[in-house]
Amino acid sequence: MNIAFLSLAQTPPLSVPMRFFLTAPLFGIAAGLLLLFGGDGVLDNRWSINTLLVVHMVTLGVLSMVMIGALQQLLPVLMGVVIPRSNMVSRAIHLLWSVGTLLLLAGISQHLPILNRFGVGLLALATLLFVGVILYALARSDSKHGTLIAVATAVISLLFTLLFMLWILNSSGWLAPVVHPLTNLHMSWGLLGWFMLLLIGAAYQVVPMFQITPEFPIAVRRFLAPLIFVGLLLWSGSDLLQLVWMGWVAIAILVSALALFAVVLLRLQLQRKRRLSDVTFTYWRVAMVALLTSTVVWLVGYILGDSRWMESAVVIFLMGGILSAVSGMLFKIVPFLVWLHLNNLYQSAGEWQGNVPNVRQVIPERYSRWQFRVQMVSLGILVVIPLGQFVDQGSRYLTQAAGIAWIASFTMLLVILLLARSKYQSVARALNRG
Amino acid sequence: MQITDFMGDDHRRCDNIFATAEESVSKGDWSVAESSNTRFVDAMEHHFKMEEETLFPRFEEVSGHTMGPTEVMRHEHKQMRQLFEQMNQAVTGQSVDDYLGASETLLILMQQHNAKEEQMLYPMTDQVLAGEQDELIGKLEAVE
Ligand code: HEM
């Protein structure tokens, strides 16, 4: 039995997740700038350099960045496991991941294989360290909750995402875009494995907790994540072995699993006891609707054999589904962590109460509401970009508008997070002086 | 019956009262708010009492851990009591913002606390106290 599990020291320092959370909006702003100034066709052609850059600013720089930080924070709290040397590990992963991403982006944009090699090398080191630490921690957890298997399959999927990319780049002289058939596997493991499974694992815990809904059905908690993982394995098998029937089985599994998850979650939300809605709740509802929409859009594209639909599906999935859920989580996690750490500071100084600001004083609801609105505008513009082709210069203007909206929404996110951190610092300083 | 189920059900009961209290405050319905807030705090104090006076001591006795998980749970009870205090004051002062700020903070603290208990501490208790669960639940039911 693992008794050390609930010691107070298990809450990693605030800086452990914060350094990731504060870096993420910077990559979001960069992506917005690229949309705004990238010229024609930033998102017109799947295989353009700029598309590849925007995709990885978002997937590596924003979404993975937040998720890697959040997991290091949440795992100790929810799974009762301590990450050894959490601060050092977090620093190392953050540095490797950020610099690796920057080098990769530079390598892609400048056509420099050497930068790609270094970038991917650093990302690979970061991934190994991160996945290793998470799996080590999970193996020692006493929890039997479905979140455990979801998180484990998610981080293994991140490994697969990387491995397929190593394979592709190694066989193509480290230049990208390659337009390689295996890229579909790379992105499937990234989107449906790493992102989706982690989202599912988080949802099992946070949806019942914060909205006071019934638990996810036990069968869902037990089987959904493994099912998606098997679906991805079959999907890869069908691609590598050229087995068409296996591909159909995989698609049937993945599409129904995703749709099932979204429907179950929306249903739970309808049964919620807590009627008060907050930004996190609204963000998650948007995320589920986007998830359902992207599944349908992807399926239509697949059946029609029209890749434009499938590309739209990816955009809706990433920016409507994953980004919404991630933003919703940030607005829940960050103010609470600030409160918790301040509270612990006061207590170790031997004082109860004190002037600790509550979660709504750390991040006022009206700030996050505004950020939400702007982010929804950017999502709306992004979704209609494909329609721009019917108007002269339409897609160009729409892409630029989306760029402006991205810059605005990620800047707002950054400012809100910085305000939260400065609130922490000023109260902590006052305590030290006092 | 398992301790996990018994105590988990009591968490659900507290959660439901919490939701009612929060909702009536957000509507500015202070007479309802006052009584549901009191009901909520009472339900929580009752739950803490079952743990602090009956469940935890027995667990500590049998498992031999006095400074382990139960200590952390007690500490979090204290943190929650602080927030009850703020919620009570907000009801007295009829301040919606103060109440909802404190209650939302409490919700997060309480839920991660409950999750740790339901997913780890209670199952451990069931394991350590296998065989005497019915007797113990009888004692818990008798707690005023
Ligand atoms: C771990 C480090 C990663 C590296 C080195 C990397 C690199 C690359 C490269 C070089 C391509 C272009 C392949 C080609 O032209 O055929 C690509 C495509 C793609 N990657 Fe990654 N990637 C990484 C992680 C991720 C992650 C975590 C995701 C998240 C979902 C992701 C999503 C995608 C998508 C969606 C595409 C297709 C882009 C398009 O069709 O325009 N990648 N990646």
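Fair warning: this is a prediction, and the values are worked out from it, not measured in the lab.

About the thresholds
- Residues numbered from 1 in each chain as written.
- Chains lettered and ligands numbered in written order.
- Predicted model: local features only at pLDDT ≥ 70, side-chain atom pairs only at ≥ 80, totals over all residues.
- Heavy atoms only, no water.
- Core = buried A, V, L, I, M, F, W, Y, C linked by side-chain atoms within 4.5 Å.
- Buried < 20%, exposed > 50% of the residue type's maximum accessible area, 1.4 Å probe, protein only.
- Contact = heavy atoms within 4.5 Å.
- Buried area = accessible area lost by both parts, 1.4 Å probe.
- Salt bridge = Lys/Arg side-chain N within 4 Å of Asp/Glu carboxyl O.
- Near = heavy atom within 4 Å.
- Polar contact = N/O pair within 3.5 Å; in protein donor to acceptor, adjacent residues only side chain to side chain.
- Helix = DSSP H or I, 4+ residues; strand = E, 2+ residues; numbered from the N terminus.
- Nonpolar A, V, L, I, M, F, W, Y, C, P; charged D, E, K, R; others polar.
- Domains from an automatic or database assignment.
- Donors = N, O, S within 2.8 Å, 3.2 Å for Na, K, Ca; no water.
- Tetrahedral: all angles 85-135°; square planar, octahedral: opposite > 155°, others 65-115°.
- pLDDT = per-residue confidence, 0-100.

Enquirer: Report on the nonpolar core, specifying residues and quantitative values.
Expert: Ranked by internal contacts, the top residues of the largest apolar core, which has 177 residues, are F21, F130, W194, F216, F261 and W284 of chain A together with F40 of chain B. When neighbours within four sequence positions are excluded, W284 of chain A is seen to be in contact with L199, A203, V206, V207, L265, Q269, A325, G328 and M329 of chain A.

Enquirer: Lay out the interface of chain A and chain B with the relevant residues and their values.
Expert: Taken together, the contact pairs 36 residues of chain A with 36 residues of chain B. Taken together, the two surfaces of chain A and chain B that pack against each other cover about 3500 Å², and 66% of this comes from carbon and sulfur. Taken together, the connections running from chain A to chain B amount to 3 salt bridges. Across the salt bridge formed by E104 of chain B and K332 of chain A, the nearest N and O atoms sit 3.2 Å from each other.

Enquirer: Go over the site of the ligand, please, and point to the residues and values.
Expert: All names here are of chain A. R46, H56, V178, T183 and H186 are the nearest of the 26 residues found near the ligand. The separation between an oxygen atom of the ligand and a polar main-chain atom of V178 is 2.6 Å. Measuring from an oxygen atom of the ligand, one finds a side-chain N or O atom of T183 at 2.4 Å. Only helix 2 (49-79), helix 4 (113-139), helix 5 (146-170) and helix 6 (183-211) provide two or more residues apiece to the shell around the ligand. Per-class residue counts for the shell around the ligand are 17 nonpolar, 8 polar and 1 charged. Each of domain 1 (13-140) and domain 2 (144-267) accounts for three or more of the residues forming the shell around the ligand.

Enquirer: Explain the side chain of D15 of chain B to me, using residue names and the numbers behind them.
Expert: Residues and elements named next belong to chain B. By the secondary structure assignment, D15 is in helix 1 (residues 3-26). Taking relative accessible area as the criterion, D15 reaches 4% and is therefore assigned buried. One polar contact links D15 to Q111, side chain to side chain, over a distance of 3.4 Å.

Enquirer: Tell me about the coordination of the iron atom of the ligand, and please be specific about residues and values.
Expert: Residue and element names in this part refer to chain A. Surrounding the iron atom of the ligand are the protein donor atoms H56 (NE2) and H186 (NE2), which sit 1.9 to 2.0 Å from the metal. Coordination at the iron atom of the ligand is octahedral: its 6 donor atoms span angles of 86 to 179 degrees at the metal. With H56 in helix 2 and H186 in helix 6, this residue pair connects regions lying 130 residues apart in the sequence. An identical accessibility class is assigned to H56 and H186; each is buried.

Enquirer: Which residues make up the confidence of the model for chain B, and what values go with them?
Expert: All names here are of chain B. On average, chain B scores 92 in pLDDT, and the residues at 70 or more come to 99%. Least confident of the elements in chain B is helix 4 (residues 96-128), whose mean pLDDT is 91; most confident is helix 1, at 95. Here the prediction assigns the complex a pTM of 0.93, and the interface score ipTM is 0.86.

Enquirer: Can you lay out the environment of I68 of chain A for me, pointing to particular residues and giving the numbers?
Expert: Residue and element names in this part refer to chain A. When you line up the elements, I68 lands in helix 2. Relative accessible area serves as the criterion here: at 0%, I68 is assigned to the buried category. Taking the C-alpha atoms as reference points, I68 and V374, separated by 306 residues in sequence, lie 25 Å from one another. Leaving out residues up to four positions away in the same chain, I68 has contacts with F20, I93, W97, F130 and W194.

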